[in-house]
Amino acid sequence: MIEAAASTPYVGLRPFTEEDSELFFGRDAAAHALLAEWLRCRVVIAHGPTGVGKTSLLRAGVLPSAPSTDADVLPVARLSGPATGQSSEEDEPADAQASFDAGNPFVQALLRCWSSPADTPTLLDAIRDHPDRRRPYSSTRPILVAIDQVEELFAARSVQLDQLDQLRAQWFDLLAQAAAALPTLRILLVVRSDHRAALEPYLRLLLAGSGGGPATASVSEVSVAALEPRSAQAALVEPLRATGTHFASGAAEACVDDLATSRVVDATGAESLLVADTVQPVFLQLVATAMWRARPGADAVITSRLGPAGNVTAVLAEYLTLVLVTVAREHDLDEGELRAWLTRTFVTERGRRGVADEGLTTTAGLPTAVLESLTARYVLRCEHRSGSRRFELFDDRLIEPLQRGFPEWAVSGTAAEANAGDHLRAAQVSFADHDLPTARTHVEEALRRDPGRSLTRAGAQTLRAQMCEMQRRWQDAEACYREAAEIYESLSDTESSGRMLAALGRVLLESGQTTRAVEDLQAASERLPGDAEVQAALAHALWRTGQPWAAAAIFSAVLTFAPDSGDALAGRARLRVELGDDAAAMQDFERLARSAAQVVAQPSMRAARAVALARRGQVAEAANESSVALREAPDSGPVLWHVAEVIRARGDDEGADGLLRRALDAAEPALLPHQQSQVLRLLRRSGAMA
């Protein structure tokens, strides 16, 4: 095996086999978990998307470990679809049960794996008498049976649906009979994820009559996923240990990062990155094989600078070209036209994967057989949904080599017609995807293309302001919001103008410009008199400028037309405490407790409520509330101020004065100016401040 490893440490696109187990890395935990479930459960379903490595995990990961268990392990069986013709009656064997088995091509597939061609056993006989089982037979030793590619039960297309349904039911029934006759039989079904749901109606058959109890009569599911980065690095590095070759420091990590990162271009030419959490095993093998072949010689160091072999996109582009040339020849197509069709059909204008639903005879303008050929070669993948198929690119990592191999894509179609509105929509989508660099690029292009006072420019400035706000660039955000508000006002869009003025007021408050914030929020409230959020924002601004009575009045007005406004109710409750109206404040706190318990639990609300309780003589309850608030917000000016009042109500003047001095220096948040004045008056009154 070491000699084999030295010559070919990577298997390429073919699945790993048992003989490749010494080259199989990165899946130890998954293999052990799957084997444990196989031994424990009556039926195990291992499922994952196409190309994820389910067969490799079974053959090179699980099976080599199975001999260490006390179990009989039969060879892995693979299904193949029914033949186009049915068996003739004169070919039927004499035994009735054997005839029934042989008449089902799915059963025949299992028998070919588990019996001699000269024999005509039943499925039960083939399992029970298989030569790989140890003699004498044991009534307690598990019999491990694995059936790969179970999706063939549902993907076969050479017979009518009603016949196919009957063949499936017969197959499961015969397997269930074997399970009932062999209580220690453990069945592992390996299936593509998009066919997992189709197994559900047949699972009861497999468990019927097993008599194994809850522990053994259960169905377990194991999901097989693509390689995580650390596992992918192991799959790259470990096979080289017996070859005298190794990766340079950081080269394997760089290769895996490149495999997970897709650099895509949208129809306007803007570039963005798509970063995946996992790496496709087939692409890893392609790149690893290319790097191995490109190494300078034996005992060489593999770096990420081995020309095209060290460039993931170049390797995938070469593979794509090979596939497209092959498929084009198979189906009498032009390779260039096939590449153009593939790119336009399966890459959207945003540079993301597109989908195509299967048609009756053609799909997206080409015979469906073409898409099936591309699927078999890991360029497309398909999912079965409601009896139909949907095709898409195998992985995001193919977008970049597709686009580079067909550069006309970026300047064809709608690219030349892209206008400011197109860029704005692209920016909004990128912003929603948290792709801020791409969103910023599109916003700037939209503004460049539309210098006039239009709705498009107003929308672009609004989005630009939001991005500036996220970066705490208050001055830039203010300028953008103000221009957007002016544009909407000039276009008589009063509602949008009001919303921009409200956003402008919020930005001014954050930057400490409270007086100007009040002016813009008052203008916003005039345009949106029935908007509870805008009116509450104005009340908060008035509160911060030292106008608590005016703020309380606005909160009350909001609650007349929006009685469920938690923001207005919470604000009024705190203000009523600050203004000394404890009875009314407690009514607000009780309403909040019924409708917005999370708001009441905030430290500032707890502390304010504690003050109202203490003033009303409920000192013990007030002490409990204030201690929780202080523990959760020890550097909050309002909390320290209110807790000081509670402590003073309990007779601890010295402790109260200490908390008041801390409140003056607190910063999360700091006291408002008028609140600082009240704290200073309290300290002077108690003699704690000369």
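Source: prediction; values computed, not measured.

Criteria and thresholds
Residues numbered from 1 in each chain as written. Predicted model: local features only at pLDDT ≥ 70, side-chain atom pairs only at ≥ 80, totals over all residues. Heavy atoms only, no water. Helix = DSSP H or I, 4+ residues; strand = E, 2+ residues; numbered from the N terminus. Buried < 20%, exposed > 50% of the residue type's maximum accessible area, 1.4 Å probe, protein only. Contact = heavy atoms within 4.5 Å. Areas by Shrake-Rupley, 256 points an atom, 1.4 Å probe, with all protein chains shown as cover. Core = buried A, V, L, I, M, F, W, Y, C linked by side-chain atoms within 4.5 Å. Phe/Tyr/Trp six-rings, centres within 6.5 Å; stacked < 30°, edge-to-face > 60°. Lys NZ or Arg CZ within 6 Å of the ring centre and 35° of its normal. Pairing = 2+ DSSP bridges. Axes fitted to C-alpha atoms, helices over the stretch in contact; angles between N-to-C directions. Parallel < 35°, antiparallel > 145°, perpendicular 65-115°, else oblique. Left-handed = near helix turned anticlockwise from the far one by under 90°. Nonpolar A, V, L, I, M, F, W, Y, C, P; charged D, E, K, R; others polar. Expected span 1.5 Å × (residues − 1). Salt bridge = Lys/Arg side-chain N within 4 Å of Asp/Glu carboxyl O. Polar contact = N/O pair within 3.5 Å; in protein donor to acceptor, adjacent residues only side chain to side chain.

## Considerations on the overall build of the protein
Here's step 1: Across its full length, the protein holds 33 helices and 15 strands.
Here's step 2: Expressed as a percentage of its 690 residues, the buried residues of the protein come to 50%.
Here's step 3: Residue pairs in contact within the protein that sit at least 24 positions apart in sequence constitute 65% of those at least 6 positions apart.
Here's step 4: Total accessible area on the protein is roughly 31,500 Å²; 50% of this is exposed by carbon and sulfur atoms.

## Side note on the nonpolar core
Here's step 1: Formed by 60 residues in total, the largest nonpolar core has its most connected members in Tyr 481, Phe 555, Val 577 and Phe 589.
Here's step 2: Among the nonpolar cores identified, the runner-up in size contains 54 residues, and Ala 251, Leu 274, Ala 288 and Val 327 belong to it.

## Some points on unusual backbone geometry
Here's step 1: Residue Pro 669 follows Glu 668 across a cis peptide bond; omega there is -10°.
Here's step 2: Mapped onto the fold, Pro 669 is located in the loop between α32 (653–665) and α33 (673–686).
Here's step 3: Phi is positive for Tyr 378, which is not a glycine, with a value near 60°.
Here's step 4: Among the structural elements, Tyr 378 can be located in the loop between α16 (368–376) and β14 (380–385).
Here's step 5: On the basis of relative accessibility, which here comes to 19%, the residue Tyr 378 falls in the buried class.
Here's step 6: A positive phi angle, near 60°, is found at Arg 472, a position not held by glycine.

## Things to note about the packing of aromatic side chains
Here's step 1: Taken as a whole and judged by the stated rule, the model has seven aromatic pairs.
Here's step 2: Between the aromatic rings of Phe 16 and Phe 24, the centroid separation amounts to 5.0 Å while the plane-to-plane angle is 70°, which identifies the pairing as edge-to-face.
Here's step 3: Judged by its relative accessible area of 8%, Phe 16 is buried.
Here's step 4: Centre to centre, the rings of Trp 171 and Phe 172 are 4.9 Å apart; their planes meet at 90°, and the pair counts as edge-to-face.
Here's step 5: Following the ring pairs from residue to residue traces out a cluster consisting of Phe 154, Trp 171, Phe 172 and Tyr 202.
Here's step 6: Over the ring of Phe 394 we find Arg 381; its NZ or CZ atom is 4.6 Å from the centre of that ring.

## Side note on the side chain of Gln 535
Here's step 1: Structurally, Gln 535 is set in helix α24 (residues 532–544).
Here's step 2: If sequence neighbours within four positions are ignored, Gln 535 has contacts with Ser 525, Leu 528, Pro 529, Ile 554, Val 558 and Phe 561.

## With respect to the sheet that holds strand β15 (residues 388–393)
Here's step 1: Overall, antiparallel pairing links the three strands, which are arranged β11-β15-β14 in an open sheet. What marks the edges here is a single partner per strand, and that holds for β11 (355–357) and β14. Direction aside, neighbouring strands of the sheet carry axes that sit 25° apart on average.

## A closer look at the packing of helix α22 (residues 494–510) against helix α23 (residues 514–527)
Here's step 1: Following both chains from N to C, one finds α22 and α23 inclined at 160°, their axes separated by 8 Å at the closest point. With respect to α23, the axis of α22 lies roughly antiparallel. Both α22 and α23 take part in a crossing whose hand is left-handed. Contacts between α22 and α23 pair Thr 494, Ser 497, Gly 498, Leu 501, Ala 502, Leu 504, Gly 505, Leu 508 and Leu 509 from the former with Thr 514, Arg 516, Ala 517, Asp 520, Leu 521, Ala 523, Ala 524 and Arg 527 from the latter.
Here's step 2: Residue composition of the contact of α22 with α23, grouped by class: nine nonpolar, five polar and three charged.

## With respect to the packing of helix α13 (residues 281–293) against helix α14 (residues 312–330)
Here's step 1: For the pair α13 and α14, the least separation of the axes is 10 Å and the interaxial angle reads 105°. Looking at the two axes, α13 sits roughly perpendicular to α14. Contacts from Phe 283, Leu 286, Val 287 and Ala 290 in α13 reach Val 312, Val 315, Leu 316 and Tyr 319 in α14.

## Observations regarding helix α31 (residues 637–649)
Think of an α-helix as 3.6 residues a turn; residues three or four steps apart then line up on the same face.
Here's step 1: With 13 residues, α31 should cover 18 Å at 1.5 Å per step; its first-to-last C-alpha distance of 19 Å lies within 8% of that length.
Here's step 2: Listed as buried for α31 are Gly 637, Pro 638, Val 639, Leu 640, Trp 641, His 642, Val 643, Ala 644 and Val 646.
Here's step 3: Phi turns positive, to about 95°, at Gly 651, one or two residues after α31.

## Observations regarding the pairing of strand β4 (residues 143–148)
Here's step 1: Judged by how many residues are buried, β4 sits mostly within the fold: six of six residues are covered.
Here's step 2: Residues of β4 alternate between two faces, with Ile 143, Val 145 and Ile 147 on one and Leu 144, Ala 146 and Asp 148 on the opposite face, all of them buried.
Here's step 3: Sheet topology places strand β2 (residues 72–73) next to β4; two bridges connect them, and they run parallel. Its bridge partner lying in β4, Asp 72 is registered against Ile 143.
Here's step 4: Bridge count for β4 against strand β5 (residues 185–192) is five bridges, and the pairing is parallel. In the sheet register, Ile 143 faces β5, and the bridge partner there is Leu 185.

## With respect to the pattern of salt bridges
Here's step 1: According to the stated counting rule, one finds 44 salt bridges in the structure shown.
Here's step 2: Note that Arg 133 is salt-bridged to Asp 72, the shortest N-O span being 3.2 Å. Linking Arg 133 in the loop between α6 (123–128) and β4 with Asp 72 in strand β2, this pair joins segments that are 61 residues apart in sequence.
Here's step 3: Its relative accessible area of 5% is what places Arg 133 among the buried residues.
Here's step 4: For Asp 72, a relative accessible area of 1% puts it in the buried group.
Here's step 5: In this structure, Glu 495 engages Arg 499 in a salt bridge whose closest nitrogen and oxygen atoms are separated by 3.5 Å. Linking Glu 495 with Arg 499, this pair stays in helix α22, spanning four residues, or about one helical turn.

## Regarding the environment of Lys 54
Here's step 1: Relative to the assigned elements, Lys 54 resides in helix α3 (residues 54–62).
Here's step 2: A relative accessible area of 12% places Lys 54 in the buried class.
Here's step 3: A sequence separation of 171 residues divides Lys 54 from Ala 225, and the C-alpha atoms of the two residues are 8.6 Å apart.
Here's step 4: Those residues in contact with Lys 54 that lie beyond four places of it in its chain are Ala 46, His 47, Gly 48, Pro 49, Val 190, Val 191, Arg 192 and Val 224.
Here's step 5: Of note is the side chain of Lys 54, whose polar atom sits 3.0 Å from the backbone oxygen of Pro 49.

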